[in-house]
Amino acid sequence: MSAWQAVILAAGAGTRMRSTTPKVLHNVCGVPLINYVVSALTNAGLRTPIVVVPSQAEALYACLGDAADFVVQETPLGTGHALAGVQESLEADTKNVLVINGDCPFVSSDSINRLMECHEESQSQMSLMTAEDIDQEGFGRIIRDSFGKMSEIVEEFDATPEQLGIKEVNGGVYAFQIPSLWPHLASLKPSSKGEIYLTDMVACVYQAKGITSTVHVSDPHDILGVNTRVDLARAEAVMQNRIRHRVMVDGVTLIDPSTTYIDSGVRIGKDTVLYPNTHVIGTSIIGENCEIGPNTVVRNSVVEQGCKIVSSMIDGTTLGVGVDVGPFSNLRLGCHIGEGTHIGNYVEIKESVLGSDVKIGHFSYIGDADIGRKVNIGAGTVTANYDGYSKNLTTIEESAFIGSDTMLVAPVHIGKNATTGAGSVVTKDVAAGETVMGVPAKPEPRKPSIRTKQT
Amino acid sequence: MSAWQAVILAAGAGTRMRSTTPKVLHNVCGVPLINYVVSALTNAGLRTPIVVVPSQAEALYACLGDAADFVVQETPLGTGHALAGVQESLEADTKNVLVINGDCPFVSSDSINRLMECHEESQSQMSLMTAEDIDQEGFGRIIRDSFGKMSEIVEEFDATPEQLGIKEVNGGVYAFQIPSLWPHLASLKPSSKGEIYLTDMVACVYQAKGITSTVHVSDPHDILGVNTRVDLARAEAVMQNRIRHRVMVDGVTLIDPSTTYIDSGVRIGKDTVLYPNTHVIGTSIIGENCEIGPNTVVRNSVVEQGCKIVSSMIDGTTLGVGVDVGPFSNLRLGCHIGEGTHIGNYVEIKESVLGSDVKIGHFSYIGDADIGRKVNIGAGTVTANYDGYSKNLTTIEESAFIGSDTMLVAPVHIGKNATTGAGSVVTKDVAAGETVMGVPAKPEPRKPSIRTKQT
Amino acid sequence: MSAWQAVILAAGAGTRMRSTTPKVLHNVCGVPLINYVVSALTNAGLRTPIVVVPSQAEALYACLGDAADFVVQETPLGTGHALAGVQESLEADTKNVLVINGDCPFVSSDSINRLMECHEESQSQMSLMTAEDIDQEGFGRIIRDSFGKMSEIVEEFDATPEQLGIKEVNGGVYAFQIPSLWPHLASLKPSSKGEIYLTDMVACVYQAKGITSTVHVSDPHDILGVNTRVDLARAEAVMQNRIRHRVMVDGVTLIDPSTTYIDSGVRIGKDTVLYPNTHVIGTSIIGENCEIGPNTVVRNSVVEQGCKIVSSMIDGTTLGVGVDVGPFSNLRLGCHIGEGTHIGNYVEIKESVLGSDVKIGHFSYIGDADIGRKVNIGAGTVTANYDGYSKNLTTIEESAFIGSDTMLVAPVHIGKNATTGAGSVVTKDVAAGETVMGVPAKPEPRKPSIRTKQT
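Starting afresh in each chain, residues are numbered from 1 along the sequence in its written order. Note on labels: chains are lettered from A, ligands numbered from 1, in written order. Only residues with pLDDT of at least 70 get local features here, since the model is predicted, and only at 80 or more are side-chain atom pairs given and counted; chain-wide, interface and lining totals rely on the full set of residues. With hydrogens and water stripped out, all remaining heavy atoms of the structure feed into the side-chain values.

(A) Representation of the domain arrangement of chain A. The domains assigned to chain A are domain 1 (4-223) and domain 2 (245-443). Here the limits of each domain have been adopted from an automatic or database domain assignment. Computed from C-alpha atoms alone, the centre-to-centre distance between domain 1 of chain A and domain 2 of chain A is 50 Å.

(B) Spatial organisation of the interface of chain B and chain C. Tallying the contact residues gives 49 residues for chain B and 39 residues for chain C. Throughout, buried area stands for the accessible area (probe radius 1.4 Å) lost by two parts on being put together, summed over both. Counting the surface lost from both chain B and chain C, the interface buries some 3200 Å², and carbon and sulfur atoms represent 61% of this. In what follows, salt bridge is the name for a side-chain nitrogen of Lys or Arg lying within 4 Å of a carboxyl oxygen of Asp or Glu. Linking chain B with chain C are two salt bridges, by the criterion used here. When the shortest N-O distance is used, the salt bridge between Arg229(B) and Asp271(C) registers 2.6 Å. A 3.5 Å cut-off defines polar contacts: any pair of N or O atoms within that distance qualifies, except that in protein one atom must be a possible hydrogen donor and the other a possible acceptor, and neighbouring residues in sequence count only when both atoms are side-chain atoms. Our count for the chain B to chain C interface comes out at 12 residue pairs in polar contact (both at pLDDT 80 or more). Counting from the N terminus, the helices are DSSP H or I runs at least four residues long and the strands are E runs at least two residues long. In terms of residue count, the dominant contributor to the side of chain B that touches chain C is helix H8 (residues 229-249) of chain B (five residues). Three classes are used: nonpolar for Ala, Val, Leu, Ile, Met, Phe, Trp, Tyr, Cys and Pro, charged for Asp, Glu, Lys and Arg, and polar for all others, with Gly counted as polar. Taken together, the residues of the side of chain B that touches chain C break down into 20 nonpolar, 19 polar and 10 charged. In what follows, a contact means two residues having at least one pair of non-hydrogen atoms within 4.5 Å.

(C) Representation of the relation of the copies chain B and chain C in the model. We superpose the copies by least squares over the C-alpha atoms of residues that have a pLDDT of at least 70 in both of them. Rotating chain B by 120° and translating it 0.0 Å along the rotation axis places it on chain C, where the RMSD comes to 0.1 Å. Considering both components of the superposition, the chain copies are consistent with a three-fold axis.

(D) The interface of chain B and chain A, seen in detail. Counting from both sides, the interface comprises 39 residues of chain B and, opposite them, 49 residues of chain A. Together chain B and chain A conceal approximately 3100 Å² of surface at their shared face, both sides included; 61% is due to carbon and sulfur atoms. Interface area lost by chain B to chain A is led by Tyr346(B), Phe363(B) and Thr455(B), which between them contribute 19%. Counting every contact that joins chain B to chain A gives two salt bridges. The salt bridge partner of Arg18(A) is Asp250(B), with a shortest N-O separation of 3.9 Å.

(E) Quick peek at helix H4 (residues 109-121) of chain B. Residues and elements named next belong to chain B. How far a helix is expected to stretch is found by multiplying one less than its residue total by 1.5 Å. Taking 1.5 Å of rise per residue, 13 residues should cover 18 Å, and H4 covers 18 Å from first to last C-alpha, within 8% of that figure. Type-normalised accessible area, obtained with a 1.4 Å probe on protein chains alone, sets the label of each residue: buried when under 20%, exposed when over 50%, and partly exposed for intermediate values. Among all positions in H4, only Ser109, Ser111, Ile112, Leu115, Met116 and His119 are buried. Along H4, the residues classed as buried sweep out an arc of 160° about the axis, all on the same side. For H4, the exposed residues lying more than 90 degrees away from the buried face are Asp110 and Glu121. One or two residues past the end of H4 sits Gln123, with phi positive at roughly 50°. What the arc describes is the spread of directions from the helix axis to the C-beta atoms.

(F) Seen up close, the nonpolar core. Residue and element names in this part refer to chain C. Residues belong to a common nonpolar core when they are buried Ala, Val, Leu, Ile, Met, Phe, Trp, Tyr or Cys residues joined through side-chain atoms within 4.5 Å. With 96 residues, the main nonpolar core has Ile34, Ile112, Ile349 and Ile414 as its most contacted residues. A domain split of this core shows at least three residues from each of domain 1 (4-223) and domain 2 (245-443). Leave out the neighbours within four places in its chain, and Ile349 touches Asn330, Leu331, Arg332, Leu333, Cys335, Ile337, Ile343, Leu354, Ile360 and Ile366.

(G) Up close: the pattern of salt bridges. Summed over the entire model, instances satisfying the criterion amount to 36 salt bridges over all chains. One connected set of salt bridges, linked through shared partners, spans Asp219(A), Asp222(A) and Arg242(A).

(H) Fine view of the pairing of strand S9 (residues 150-154) of chain A. Residues and elements named next belong to chain A. S9 sits mainly inside the fold: four of its five residues count as buried. Two strands qualify as a pair provided that DSSP identifies no fewer than 2 bridges between them. The pairing of strand S8 (residues 141-144) with S9 spans four bridges and is antiparallel. Looking across to S9, one finds that Arg144 is bridged to Met150. The antiparallel pairing of S8 with S9 creates a hairpin that spans five residues between the two strands, and Gly148 there sits at a positive phi of about 85°.

(I) Here's a closer look at helix H6 (residues 178-187) of chain B. Restricting attention to buried positions, one finds in H6(B) the residues Ile178(B), Ser180(B), Leu181(B), Trp182(B), His184(B) and Leu185(B). Each element contacted by the buried residues of H6(B) is listed here: helix H3 (79-84), strand S6 (96-101), strand S10 (169-177) and helix H7 (201-207) of chain B.

(J) Structural detail: the packing of aromatic side chains. By convention, a stacked pair of Phe, Tyr or Trp rings (six-membered ring in the case of Trp) has centres within 6.5 Å and planes under 30 degrees apart, an edge-to-face pair has planes over 60 apart, and any other such pair is tilted. Summed over the entire model, instances satisfying the criterion amount to 18 aromatic pairs over all chains. Between Phe363(A) and Phe363(B), the ring centres sit 5.7 Å apart and the planes meet at 80°, which makes this aromatic pair edge-to-face. With Phe363(A) in the loop between strand S30 (359-360) and strand S31 (364-367) and Phe363(B) in the loop between strand S30 (359-360) and strand S31 (364-367), this pair bridges two chains. The exposure classification of Phe363(A) matches that of Phe363(B), with both residues buried. A centroid spacing of 5.8 Å and a plane angle of 85° characterise the contact between Phe328(B) and Phe328(C), whose relative ring orientation is edge-to-face. Linking Phe328(B) in the loop between strand S24 (324-325) and strand S25 (330-333) with Phe328(C) in the loop between strand S24 (324-325) and strand S25 (330-333), this pair reaches from one chain into another. Neither Phe328(B) nor Phe328(C) differs from the other in exposure class; each is buried. An aromatic cluster of three or more residues is present, and its members are Phe328(A), Tyr346(A), Phe328(B), Tyr346(B), Phe328(C) and Tyr346(C).

(K) Just the sheet that holds strand S41 (residues 435-437) of chain C, in detail. Residues and elements named next belong to chain C. With mixed pairing, the 12 strands of this open sheet are ordered in space as S12-S15-S18-S21-S24-S27-S30-S33-S36-S39-S41-S42. Here the strands that pair on one side only, and so sit at the sheet edges, are strand S12 (253-254) and strand S42 (442-443). Across two bridges, the pairing between strand S33 (residues 376-377) and strand S36 (residues 401-402) is parallel. Residue Asn376 lies in a different strand from S36, and its bridge partner there is Phe401.

(L) Spotlight on empty space enclosed by the protein. Grid spacing is 1 Å over the protein atoms alone, the probe is 1.4 Å, and a cavity is where that probe fits but cannot get out, while a pocket is an open set with protein on both sides within 12 Å along at least five of seven lines and lining residues have an atom within 4 Å of a point. Grid points are joined across faces, edges and corners, and a volume is the space filled by probe spheres set on the points. For the coordinates displayed, the defined rule picks out six cavities of 30 Å³ or more. In this structure, the largest cavity spans a volume of roughly 190 Å³. Taken together, 21 residues line the largest cavity, and the ones lying closest to its centre are Asn295(A), Phe328(A), Phe328(B), Asn295(C) and Phe328(C). When residues of the lining of the largest cavity are traced back to their parent elements, those giving at least two are strand S19 (296-299) of chain A, strand S19 (296-299) of chain B together with strand S19 (296-299) of chain C. The residue makeup of the lining of the largest cavity, split by class, is nine nonpolar, 12 polar and no charged. Of the volumes computed, that of the second largest cavity is approximately 80 Å³.

(M) Molecular detail of the environment of Asn289(C). Residue and element names in this part refer to chain C. Along the polypeptide, Asn289 turns up in the loop between strand S17 (285-286) and strand S18 (291-292). For Asn289, a relative accessible area of 43% puts it in the partly exposed group. For the pair formed by Asn289 and Ser312, sequence separation is 23 residues and the distance between their alpha carbons is 18 Å. Excluding residues that lie within four positions of it along the chain, Asn289 makes contacts with Lys270, Asp271, Thr272, Gly306 and Cys307.

(N) Seen up close, the confidence of the model for chain A. A residue-level look at chain A finds 98% of positions with pLDDT of 70 or above and a mean pLDDT of 94. Across the assembled chains, the prediction reports ipTM 0.93 with pTM 0.94. Across the chain, each position has a pLDDT score giving the predictor's confidence in that residue, from 0 to 100.

(O) Structural context of the packing of H8(B) against helix H8 (residues 229-249) of chain C. Between N-to-C directions, angles span 0 to 180 degrees; the directions come from axes that are lines fitted to C-alpha atoms, helices contributing only their stretch in contact. As a packed pair, H8(B) and H8(C) sit with axes 7 Å apart at the nearest point and diverge in direction by 110°. Taken together, the axes of H8(B) and H8(C) are roughly perpendicular relative to one another. Two secondary-structure elements touch here, H8(B) through Arg229(B), Val230(B) and Ala233(B) and H8(C) through His245(C), Met248(C) and Val249(C). Of the residues assigned to the contact of H8(B) with H8(C), the class counts are four nonpolar, one polar and one charged. Relative orientations are named as follows: roughly parallel for angles under 35 degrees, roughly antiparallel for angles over 145 degrees, roughly perpendicular for angles from 65 to 115 degrees, and oblique for any other angle.

(P) Quick peek at the pairing of strand S7 (residues 126-131) of chain A. All names here are of chain A. Across the six residues of S7, six count as buried, placing the element largely inside the fold. Side chains Met126, Leu128 and Thr130 of S7 all project onto a buried face; the interleaved residues Ser127, Met129 and Ala131 project onto the opposite face, where all are buried too. Here five bridges tie S7 to strand S10 (residues 169-177), and the two strands are oriented antiparallel to one another. Counted as the bridge partner of Leu128 is Tyr174 from S10. Sheet analysis places S7 next to strand S11 (residues 212-216), joined by five bridges and oriented parallel.

(Q) Fine view of unusual backbone geometry. Val439(A) connects to Pro440(A) through a cis peptide bond whose omega is -10°. Tracing the backbone shows Pro440(A) in the loop between strand S41 (435-437) and strand S42 (442-443). With an omega of 5°, the peptide bond between Gly326(B) and Pro327(B) qualifies as cis. Structurally, Pro327(B) can be placed in the loop between S24 and S25. Of note in this structure, Asp271(B) is not a glycine but carries a positive phi near 65°. Within the element layout of this structure, Asp271(B) appears in the loop between strand S14 (267-268) and strand S15 (273-274).

(R) Layout of the side chain of Thr278(C). All names here are of chain C. Relative to the assigned elements, Thr278 resides in strand S16 (residues 278-281). Polar side-chain contacts of Thr278 include one of 2.9 Å to the backbone oxygen of Tyr275. Aside from chain neighbours lying at most four places away, what touches Thr278 is Thr259, Thr260, Tyr261, Ile292, Gly293, Pro294, Asn295 and Thr296.

Dropping the structure here:
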């Protein structure tokens, strides 16, 4: 294929979004609109795209970084003017330019490749993507002459009632042959507002008896654009439905797909069931045979097989095989939970490592702790992990027994098989096998009857 | 415009609702059906409407109060009989009567005004609102003669298959010219059940060679009525979709509009994002750039800009700029939360004022408290605010530090920069800068190592 | 009616489910697919069905138990081969066989009875259920000759474009007359894969000039099958919508039916309101005038009239008249909550009996407790009910007052009108009227000021 350069138009004001954020930076499924376009271009084999941005586009530079080159359109004088501005930035070998709006999250790399191939094979001066049966407003209609040749694009608000009945619409993705692009572009007349529209190129090329061609996309969603928050919500739904469908085909049960929210990068093992109102987002990886939800958010976490999570929030955490959590628990960040550990209700855990078969059944706060296997944590236990200067660790060794309502004032170390009595405030280390109780906690010779807990 | 009197029909038994509540008092988006009708009439410029009610209509009187006059229809003998009963109650100057069912929450004041204007201009004896393309069952069909004149309304269950194919249906909103109304009404024949139907007025006027006219509503939802809970759920969805659309157009992102519930009186600033399963209801006002949800209920509250609320309930509360709350917190009623304050998980607050930059990160109960800026509240803190006789206040001054699991037995005052140790039961006031600990808490000279908390 | 035997085909591999669970054991509304089929057959008056299963069908045996007889199809050679395998197992008096796929949860007993009647009356060799206007893929088309006689079933992937346009499809429920079934079945030719298809019986009987008949189902959902998780999700939605519709018609308000999940066995009283994202499942029975949700799960519980439950989980529990619960509470299992009792936020209760007018407003864990009427439980109260060997009871008599953050180390008995101070660790019984406090708690003469609580 000869040398191509992609240009993404992202300089429009996007006023109908009513936002201080540039339109193309609004998110669909957690990812900015323009990133979908950049990904599609990259997957289609194109080199680093040029993005036409307005002045003061810091948020765009920050979002795209090295993934794009930038050309500033100082004054918003339309899409044709925007494209004219990139002429100086093209590399010398560029034969064709592919132009795409930055607000089309669904354009596929396949469609882009088909457009490029068709453009080259037909030796067109201009090619564009079209679609039919769109149920969104605002698309320009494709006007064809009596020979079926595309002669013009008429914008919806300029269209006659008869033209409004035309089903073939402009998909907003264009290919242009370089030699003829610039003189044609220069010949376009500004609108009454002084803007130059790229869509006028069709009539321009047609009248110059140049060759134009069109490529139909099979899925009309491919060309959906986002101009309002209503469009944005619809794009979110379309994207979610695609992900939900893929996940179900792969063997995951979604009890109510319409209230199950899954990000595109998530992987979920077969025979896992997601209950209603469940979010699995970010980079999460879920194993087989899990039950998650209802009312659960799992973000950027690894959940191994056979876990069960109910009405809880899991963020940046790893759950080992067969862990159960919830309801109403909150594993905030940086937790590693060992195999078979039980975390009940109202348990908050942060940056802690728990061994296997630990039991924390009831309201507790565990932060900056290292907890060995088979430890039992009573209801109301709190690690006081911060003294106003630094984070301090709590270490609890294997099979220790922390009584209800124990305050663990960190740094503190609880030895293997040690016991704390209900209501203890532990300010000093407890030796292996030792029992402490009281406020502050002191060693206690009478041990056996103290190991009471909640089940 | 000549003198009009609106009559709302609300005496029907509504048996298909299977409810002990009168049908017109069932809620859509938190507001009784009949209130929508009263509002539309008021907005259309009509004076206080007459509502025809059944006997024992206390709930209706309580709901509408002075917003309506009432006429009792002792026996339920049909809509025609109901209207006949208001004759005595009309003011002498009344030239036209507008009749509407009390179960039509979507009728707009514009449509009402158009009906009134058309009625006057055409000098009709009877005018009515019609619609097409309704996807609800039960509407009467408009029968027209060969000249296109409306000659009859046929109820759905009486209609022939051919008549069922008629798309124009009776919208249930009527205008009548006074001089001719009463004799016509008196001439109607009762049905086999002994009821007199207002819809028979069309044939009556037509046969008397009187003038009838119709006004088409453009949005068929306008005439939707509620006869069953299925209709009620549909009305709720239609109303919600209208509100959601308006809010999105105004610059608010709804990730999943279909699970975002917003009451009609709510205002939300632009660039705020509402996550799935979020309710913003009552009189709530939300600032710009907030993130609310998922799984959050905000009722009758003011949330200033830049707040973040996750999986929590906020009722009758004001959150200052940049407050973050949740997950699983419950701000019950009467709270004022200062700028930048952090409320983490499992925190219940009631009738309390918190200053700016307070930190309550973990499970706590704060009731009837006045908390200064930069105060730190440890996990498990409880204000014991009620002694069985009266509510007692807890006051905590600026920068005080409340250790984990502190019981604050109110009334109690904690001075500026004071500290309570973990597990303290504070029964007496603590002086500024003082440190207390123990059960009950006593002053403690060794202070520094005690300020441990959770982060 | 002459002797019938039902045969359920459940030996297919179901590979498109991508599951280690047999396809017919996947759940819709909590019940395995095949159980719906067995119920429909039983309700249609048929005797114990024969289920054709693959080898290693332990899960199927366990699920159906005595409700079915089983025949193993050792090698998966198609539906015709599967049916041939039951010949030896039929009782001698069997005149007709009814064959049905095990993955059709919506087939009604009415449709089955109509098929059986039609089959007998028409003296057909073969009858089958058909439907039109299905919006699911994969159904075989019914081919009819110029006299309208069914001559063949063409599978979708074998159909010509013209045949794909045929709307009448095979519903997958067949009736066969015994004398002619076996020779016809034996005459079928295997496919290229070596499988024998039951659908080929139509052409076989037709060519033998036998009688065939068809019965149309009026609701096309009746014949929906489940082959993928996408189908499974759709089946769940169809079943839920049927239940939701029934419940609304019966006088229950569902604010958002699409996020209200109700199992088929649930009963709900009129004028109860279910808010969005509410699950009422298992065998639950809800009284009149309750308000449940949002964000609530009620499973296998009895909720008497006038209860209010917000954002909570109720499992295997009975709530008396007028109980209110939530938000964020968790009644785990085996609780009986007395009339008018108030359970606020973050309260976990398990296997406990609470009398009437008890107040537990704030975070607490109550397990294995027996609590009298008018008891007040302060925030942070914990029953330490397990000593590592056995469950121990906590008993609290009428009108006792448990102060905030009390640890009740079971077994322990708190007498009538007794009081515990805030932060107490109660390890011994407390006499009626006595006040205790401290760690461990000791009798305290100065009582009055101690009864502080949270409201």
